[in-house]
Amino acid sequence: ARVRQGCGDAGPHPALLAGLYTATERLAPLRTALDQAAGQARWRLGMGVLVGMAALALPLTGAGYLLTARLQRRAAAGAVALAESEQRLQLALAGSGYGLWELRLDSGAVACSGTMMALLGQAGCEQLLARDSFLGLLHPQDRSAFAAALQARSADGERLEIELRLRRQDGGYGWFKLAGRTEQAGGGPAERMIGSVSDITERRAMQRALEEELARRRTALHSLRGALARLDTDAAGDPGVEQAQDE
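Residues numbered from 1 in each chain as written. Predicted model: local features only at pLDDT ≥ 70, side-chain atom pairs only at ≥ 80, totals over all residues. Heavy atoms only, no water.

Considering the overall build of the protein chain
Selection criterion: Helix numbering and strand numbering both begin at the N terminus, where a helix is a DSSP run of H or I of at least 4 residues and a strand a DSSP run of E of at least 2. For the exposure calls, accessible area comes from a 1.4 Å probe over protein chains only, and a residue counts as buried if that area is under 20% of its type's maximum, exposed if over 50%, partly exposed in between. Two residues qualify as a contact provided that any one of their heavy atoms is within 4.5 Å of a heavy atom in the partner residue. Residue-level accessible areas treat just the shown protein chains as cover; the underlying method is Shrake-Rupley with a 1.4 Å probe.
Along the protein chain, the regular secondary structure elements total 6 helices and 6 strands. In sequence order, the protein chain lays out its α and β elements as α-β-β-α-β-α-α-β-β-β-α-α. Residues counted as buried form 17% of the 247 residues belonging to the protein chain. Within the protein chain, counting contacts between residues at least 6 apart in sequence, those at least 24 apart form 41% of the total. Working note: accessible area of the protein chain is about 18100 Å², and carbon and sulfur atoms make up 58% of it.

Concerning the nonpolar core
Where we set the bar: Grouping buried Ala, Val, Leu, Ile, Met, Phe, Trp, Tyr and Cys residues that are joined through side-chain atoms within 4.5 Å yields what is termed a nonpolar core.
Counting 23 residues, the largest nonpolar core has W101, F134, F146, L166 and L178 as the members making the most contacts within it. When residues of this core are traced back to their parent elements, those giving at least two are strand 1 (98-104), strand 2 (110-112), helix 2 (114-119), helix 3 (131-137), helix 4 (143-156), strand 4 (160-167), strand 5 (173-184) and strand 6 (190-199). Ranked by residue count, the leading element in this core is strand 4, at 4 residues. Setting aside its immediate chain neighbours within four residues, L178 contacts W101, F134, F146, L160, E161, I162, L164, L166, S196 and V197.

Here's the deal with the packing of aromatic side chains
Threshold: We call Phe, Tyr and Trp rings a pair once their centres come within 6.5 Å, taking the six-membered ring for Trp, and we label the pair stacked below 30 degrees between planes, edge-to-face above 60, and tilted otherwise. Geometrically, a charge over a ring is one whose NZ (Lys) or CZ (Arg) sits within 6 Å of the ring centre while staying within 35 degrees of the ring normal.
Per the counting criterion, the structure on display carries 1 aromatic pair. Note that R204 overlies the ring of W175, its terminal NZ or CZ placed 3.6 Å from the centroid.

Remarks on the side chain of T182
Looking at where T182 falls in the secondary structure, it is placed in strand 5. The exposure class assigned to T182 is buried, which follows from its relative accessible area of 15%. Residues in contact with T182, not counting those within four places in the same chain, are L105, R153, S154, G157, A190, R192 and M193.

Below, the structure is given as structure tokens:
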């Protein structure tokens, strides 16, 4: 039958709606089957991705573990080698009588090696001394000379060499030789000075004894020359001596 529509129609024809309902009911199982198939396909795809990722991650994880273990072994071996090298250096310095120091030019703090502290009669371990603490170790008469030498070498970059007195743990002073050179970072201004220190108290004592001995000999020689000059003068004024010389 032909369906006519006009201005007075209120909605679709009942027969048409019944057909649509019937078609929808017939398509519902097919839609459900499609939804189930799509869900299973998505599940299989997700599981495949997970399995693939797990299969890919397993060898990568194993390789990463082996690489990490190898790096850790190398780092541990490097740390042991570094510690042994530092120990050998400390033993060599202790045997040679040289200590090490590092002066921060900005703050004036000085890092002293264990050997240097041992030379000062203190515990043989590294210490970081503040500027005032380090200057307190210097003999008052040597502080200005040290400050002038440090300022000059920081400006021209030449090697620092100075002999001065440092206070020991027992309160006495010993003679020490400080040598060092500034170190620049990236071509900029010098940031620190690194050097060595050695105990020269015995050498200075021997040098002083030698100077005193030379002074005594010069005095004795001067006295002997004076005595010989007086003898010559006395002999020149004695007629008996002149007559004996003529005969």
